[in-house]
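# Survey of secondary and tertiary structure
Okay, here's what each chain looks like letter by letter:
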Amino acid sequence: MIQVENIHKSFGDTHVLKGITTEFEQGKTNLVIGQSGSGKTVFLKCLLGLFEPEEGTIIYNGQVYSELSINEQRDLRQNMGMVFQGSALFDSMTVEGNVMFPLEMFTKQSKAEMQDRVDFVLERVNLVDAHKKFPSEISGGMKKRVAIARAIVMNPEYLFCDEPNSGLDPKTAILIDNLIQEITKEYHITTVINTHDMNSVMEIGEKIIFLKNGYKEWEGTNKEIFKTDNEAVTNFVYSSELFKKVRQMYIEERN
Amino acid sequence: MKSLILKEIDELIFGSLGIIIFISFFIGGVVTIQTALNLNSPLIPKSLIGFATRQSVILEFAPTFTSIIMAGKVGSYITSSIGTMKVTEQIDALEVMGVNSLNYLVFPKIIAMFMYPFAVAIAMYIGILGGWIAGAFGGYAPSGEFVKGLQLDFIPFHVTYAFIKTIVFAFVIATIPSYHGFYMKGGALEVGKASTTSFVWTSVVIIILNYILTQLLLG
């Protein structure tokens, strides 16, 4: 579980996060949604320890991150997996090399053991023929899968994803969403996903927090988001005609 | 870490040997020709052409000129490779995994660059060889006279001085471009700008340190 208590983050005169408090439960896919510039990425980078909040605390299973030493923070980060928006695969390494990298850095496993683990996670993300390919030789969807495989290869307790399906076609985006949700359930990890993809919100959002101008405007589940009367949320979620019709149908059905 | 250092030695040192050899050979030749054309008095022995070539190549051309070339070739490579990792969030990925990214990316480059004196030793040898070929085959200095000049008043400390400079320059070539790559902000355009800036600063620092070290060691 991750508990976030009243975090503030500024860059110069720009106050990006203005006191966010929430909890992300283990074994659930937690979504952070909001318009571009609402502070989602800064929030995620604060959770990852890449940005240090000026105020507030982030607690990982009872450990207050800011109270840990640098080495303890590094140890904690070895329990985190991250899928970056642009995948952030190492260009100079093959798919296999990218996935094996954390094992080589932090475990004393034999080459054969590492190879077995890499084969297993690549198969888990449905990538079986790309071991020797370089990131420049594979598609965007495959890169995301490699990034997911790299993120889970160390059996992390926490998985963070920054817009995991941006730039993907709708079918691949759904596959990636489903894959993340399956992995979350299978390994019982705490998953936090930044997204503004409404399909993800509806399909896998077990807990959703909506950020607006650096504040937490709303939180709930994907069922509750249909019913909410919060104007900012409804304006964001039902900005497309398709979703407006879906909501209309839902309201009519309910009445 | 060992494999990373070996990889960097391959990229930074062995990958630069071709251009170092090419430039050193022709610079040595040009130094010989220039010296010969300026020493046209019959009272000055031709052996001085070999002497001047040796001194110029060992004291300045091999350590300093080669370092400026390396600041362009290796420095730009270091800045652009680390800068690209920065803009594509690969450095963030390392940090999230719990890797000390500065140590992982920069330390192997600094260690690899301690092999740079070997490249400069090759530059010295090839520069003098180029001078000898230009002198002997261009008709500027007979081979025997040139070789006699090479052996004239040889001061071993001059080679030590050159290698001391080279080690200092190696550290500069590894660190300044790494700094510019690691702390850059922006996108692809800024990677290009950072490479240019790092080359300018590396060259300026090399030139200033060259002056200071020469004053301290030979002055």
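This section reports on the structure supplied with the text. This is a predicted model, so every value here is computed, not measured. (Residues numbered from 1 in each chain as written. Chains lettered and ligands numbered in written order. Predicted model: local features only at pLDDT ≥ 70, side-chain atom pairs only at ≥ 80, totals over all residues. Heavy atoms only, no water.)

### A look at the overall build of chain A
When helices and strands are counted, chain A shows ten helices and ten strands. Its C-alpha atoms give chain A a radius of gyration of 19 Å, within 12% of the compact-globule value 18 Å for 255 residues. For the C-alpha atoms alone, the extent of chain A along its principal axes is close to 60 × 40 × 30 Å. Taking all 255 residues of chain A together, 52% fall into the buried category. Put simply, 65% of the contacts in chain A that link residues at least 6 apart link residues at least 24 apart. (Helix = DSSP H or I, 4+ residues; strand = E, 2+ residues; numbered from the N terminus. Rg over C-alpha atoms; globule rule 2.2 N^0.38 Å. Buried < 20%, exposed > 50% of the residue type's maximum accessible area, 1.4 Å probe, protein only. Contact = heavy atoms within 4.5 Å.)

### Focus on a nonpolar patch on the surface
Residues and elements named next belong to chain B. On the surface, a nonpolar cluster with roughly 790 Å² of combined accessible area is contributed by Phe 199, Val 200, Trp 201, Val 204, Ile 208, Tyr 211, Ile 212 and Leu 216. By the secondary structure assignment, Ile 208 is in helix α9 (residues 188-218). Given the relative accessible area of 45%, Ile 208 is considered partly exposed. (Patch = residues over 30% accessible without salt bridge, like charges linked within 9 Å, V, L, I, M, F, W, Y side chains within 5 Å. Areas by Shrake-Rupley, 256 points an atom, 1.4 Å probe, with all protein chains shown as cover. Salt bridge = Lys/Arg side-chain N within 4 Å of Asp/Glu carboxyl O.)

### Considering the layout of surface pockets
When its volume is computed, the largest pocket comes out at roughly 1,000 Å³. Gly 49, Leu 50 and Phe 51 of chain A together with Asp 92 and Glu 95 of chain B are the residues nearest the centre of the largest pocket, which is lined by 31 residues in total. The residue makeup of the lining of the largest pocket, split by class, is 14 nonpolar, eight polar and nine charged. Considering only enclosed or pocket space, the second largest pocket measures out at about 800 Å³ in volume. Along the walls of the second largest pocket sit 31 residues, with Ser 92 and Met 93 of chain A together with Leu 4, Lys 7 and Tyr 104 of chain B positioned nearest its centre. Those elements that provide at least two residues to the lining of the second largest pocket are α3 (95-106) of chain A together with α1 (2-13), α3 (47-87), α4 (90-97) and α5 (101-113) of chain B. Counting residues per element, the lining of the second largest pocket draws most heavily on α3 of chain A, at six residues. (1 Å grid on protein atoms, 1.4 Å probe; cavity = no way out; pocket = protein on both sides within 12 Å on 5 of 7 lines; lining within 4 Å. Points joined across faces, edges and corners; volume = space filled by probe spheres on them. Nonpolar A, V, L, I, M, F, W, Y, C, P; charged D, E, K, R; others polar.)

### Regarding the pattern of salt bridges
Residue and element names in this part refer to chain A. Here the structure, examined in full by the defined rule, presents 15 salt bridges over all chains. A salt bridge links Lys 207 to Glu 219; the nearest nitrogen and oxygen atoms lie 3.5 Å apart. Here Glu 219 lies in strand β10 (residues 215-220) and Lys 207 lies in strand β9 (residues 207-212), a separation of twelve residues in the sequence. By relative accessible area, Lys 207 is classed as buried at 13%. Judged by its relative accessible area of 35%, Glu 219 is partly exposed.

### Here we look at empty space enclosed by the protein
Residues and elements named next belong to chain B. Counted according to the given criterion, the structure contains three cavities of 30 Å³ or more. Roughly 130 Å³ of volume is contained in the largest cavity. The residue inventory of the lining of the largest cavity, partitioned by class, reads eleven nonpolar, two polar and two charged. The computed volume of the second largest cavity comes to approximately 60 Å³. As for the second largest cavity, its lining consists of Ile 23, Ser 24, Ile 27, Gly 28, Val 57, Phe 61, Ala 62, Phe 65, Thr 66, Ala 123 and Gly 127. Ranked by residues supplied to the lining of the second largest cavity, first place goes to α3 with five residues.

### Brief notes about the environment of His 8 of chain A
Residues and elements named next belong to chain A. Position of His 8 relative to the elements: it lies in strand β1 (residues 2-11). The class of His 8 is buried, set by a relative accessible area of 16%. Each C-alpha atom of the pair His 8 and Ile 20 lies 7.1 Å from the other, and the pair is twelve residues apart in sequence. The residues touching His 8, leaving out its near neighbours within four places in the chain, are His 15, Leu 17, Lys 18, Gly 19, Pro 53, Glu 54 and Glu 55.

### Digging into unusual backbone geometry
Residue and element names in this part refer to chain A. For Asn 61, which is not a glycine, the phi torsion comes out positive at approximately 45°. By the element assignment, Asn 61 lies in the loop between β4 (55-60) and β5 (63-64). Here Asn 213, not a glycine, exhibits a phi torsion of approximately 50°, which is positive.

### Focus: the side chain of His 158 of chain B
All names here are of chain B. Looking at the element boundaries, His 158 is found in helix α8 (residues 156-182). The exposure class of His 158 is buried, given its relative accessible area of 13%. Residues within four places of His 158 in sequence aside, it is in contact with Gln 55, Ile 58, Leu 59 and Leu 218.

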